[in-house]
Amino acid sequence: MDNTSYIEISRSALENNLDYIRAKKKAKTKLSLVVKGNAYGHGIDTYGPLAASLGVNHFSVFDAHEAYQLKRSLSSPAEIMIMGMITDDQIPWAIEEGVGFFVFEEHRLKQTIAVAKALGQKARIHLELETGMNRTGFVKNQWSHLYKLIQDNSEHLILEGLCTHFAGAESVANHLRISKQLKAFKEGRKTFKPLEPHYIHAACSAAFLRFPKSQYDLVRVGILQYGFWPSVETYIATEGMHENATDPLQRLISWKSRIMNVKEVAKGEYIGYGTSYLATQTTKVAAVPVGYSHGFSRSLSNAGRALVRGTRVGVIGVVNMNVMMLDVSHIPSVEVGDEVVLIGEQGNQSISVSSFSEYSDQMNYELLTRLPQDIPRYITD
Ligand SMILES: *Cc1c(COP(=O)(O)O)cnc(C)c1O
């Protein structure tokens, strides 16, 4: 059964972005694509195989369920790394499947050792160090104890990674904090060096670009691959200093639906629930079967934009659970079934995800990942 809207993912745009990332990457650094949050809304089981077909063979996810989804969708072998949540009862699966995971507290480490021992198979762990983000990661006074625990259990563990995460590398205002983290991480690298971690890693998209020395052996690139900058600051600092700079990244995602009803409303009538929109002239209203339950934020009420027949139109009234309304008064030929572009291009107009963020208070990351999992995703050229 068709859904009320659908998402298209552009293969050529991903190719373009991967070229850009690979050119910025040190030759020996491994690229891991971060596909948490349903591949930032792009649809993990459509997106994973697409990226794999373009030569990507390392992926980072947040939890074991995502690792499972990704693994199931891929037809070629790839390394998968869980950066966040894995429960005790998911650990055996991860070990058996060779899926790596972050370890940032002692219970998980001990549990991992016990399971690996029982299975007679080594676990691939990434030891996360606390360097100043103060979220997860082992603090310095635990390091020597950990060192010994890992050393004593080397027949059950592969120290696949030694890692940390920066607390906001996309903002110049955080520069001092990031520098301190780099310094703390250096000490950690020295401490654990004799255990020969396979990948030293720390960089997200922003650090990858702005702190190239943090690329180490592997980079965890998220938002950049989808054609978005972590922040405007990062874009300007990386590309935008010169006149006529054009964005080298391309967005992969388009989100489309179709008009389900068109009607004319007389001057003086309110449109939709309540009194938030008053027709100040005869208004042609198009109803679109997409609402906040589909990820089109209520904060876009009377503010969002869409494209119909190559023309930019505005959302009028409040966004409902399953329906929004557009003012199509200026498009005489408009009819039921016409394509509506919510994100992407039509004719020579375009609606970007960032324009959404300007009209609502959502940021790119949030808007993308809120696109429901059940909207079908299709790959286009
Ligand atoms: C999300 C995440 C990344 C990727 O961040 P981007 O800003 O999207 O590149 C990297 N590392 C960790 C631990 C993350 O949680």
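See the structure shown above.
Residues numbered from 1 in each chain as written. Predicted model: local features only at pLDDT ≥ 70, side-chain atom pairs only at ≥ 80, totals over all residues. Heavy atoms only, no water.

Engineer: Which parts of the structure should I look at to understand the packing of aromatic side chains?
Structural biologist: Given two aromatic rings, one states the distance between the centres and the angle between the planes to describe the pair. Per the stated rule, a full pass over the model turns up 11 aromatic pairs. With centroids separated by 5.0 Å and ring planes inclined at 45°, the aromatic side chains of Trp229 and Tyr235 adopt a geometry described as tilted. Judged by relative accessible area, Trp229 falls into the buried class, the value being 8%. Aromatic ring contacts, followed pair by pair, group Tyr40, Tyr47, Tyr226 and Tyr365 into a single cluster. (Phe/Tyr/Trp six-rings, centres within 6.5 Å; stacked < 30°, edge-to-face > 60°. Buried < 20%, exposed > 50% of the residue type's maximum accessible area, 1.4 Å probe, protein only.)

Engineer: Can you walk me through a nonpolar patch on the surface in this structure?
Structural biologist: Together, Val232, Ile236 and Met241 give the surface a local cluster of nonpolar side chains, amounting to about 330 Å² of exposed area. The residue Ile236 is located in helix 10 (residues 232-238) in this model. (Patch = residues over 30% accessible without salt bridge, like charges linked within 9 Å, V, L, I, M, F, W, Y side chains within 5 Å. Areas by Shrake-Rupley, 256 points an atom, 1.4 Å probe, with all protein chains shown as cover. Salt bridge = Lys/Arg side-chain N within 4 Å of Asp/Glu carboxyl O. Helix = DSSP H or I, 4+ residues; strand = E, 2+ residues; numbered from the N terminus.)

Engineer: Would you mind going over the site of the ligand with me for this structure?
Structural biologist: Close contacts around the ligand come from Val34, Lys36, Tyr40, Met83, His165, Cys204, Ser205, Arg220, Gly222, Ile223 and Tyr365, and that covers them all. Arg220 places a polar side-chain atom, nitrogen or oxygen, 2.9 Å from a nitrogen atom of the ligand. Measuring from an oxygen atom of the ligand, one finds a backbone N or O atom of Ile223 at 2.8 Å. Relative to its unbound accessible area of 390 Å², the ligand is 91% covered by the protein chains. Here the shell around the ligand is built from residues that sort into 6 nonpolar, 3 polar and 2 charged. (Near = heavy atom within 4 Å. Polar contact = N/O pair within 3.5 Å; in protein donor to acceptor, adjacent residues only side chain to side chain. Nonpolar A, V, L, I, M, F, W, Y, C, P; charged D, E, K, R; others polar.)

Engineer: How should the nonpolar core be read in this particular structure?
Structural biologist: A general tendency of soluble globular proteins is for nonpolar side chains to be buried together. The biggest cluster of nonpolar side chains holds 113 residues, and the ones touching the most others in it are Tyr47 and Leu326. Each of domain 1 (11-240) and domain 2 (253-380) gives at least three residues to this core. When sequence neighbours within four positions are dropped, the list of residues in contact with Leu326 reads Lys284, Val285, Ala286, Val288, Ala306, Val308, Val313, Gly314, Val315, Ile316 and Val340. Counting 7 residues, the second-largest nonpolar core is a separate cluster that includes Val265, Ala279, Ala287 and Met325. (Core = buried A, V, L, I, M, F, W, Y, C linked by side-chain atoms within 4.5 Å. Domains from an automatic or database assignment. Contact = heavy atoms within 4.5 Å.)

Engineer: For this particular structure, what's the right way to read the pairing of strand 6 (residues 123-128)?
Structural biologist: Consecutive side chains along a regular strand alternate between the two faces of the sheet. Counting buried positions along strand 6 yields 5 of 6 residues, so the element is predominantly enclosed. The pairing of strand 5 (residues 100-103) with strand 6 spans 3 bridges and is parallel. Looking at strand 6, one finds that Val103 is bridged to Leu127. Once you follow strand 5 into helix 6 (residues 106-119) and on to strand 6, the crossover reads as right-handed. (Pairing = 2+ DSSP bridges. Right-handed = clockwise from strand over helix to strand, strands pointing away.)

Read these as geometric descriptors, not functional statements.
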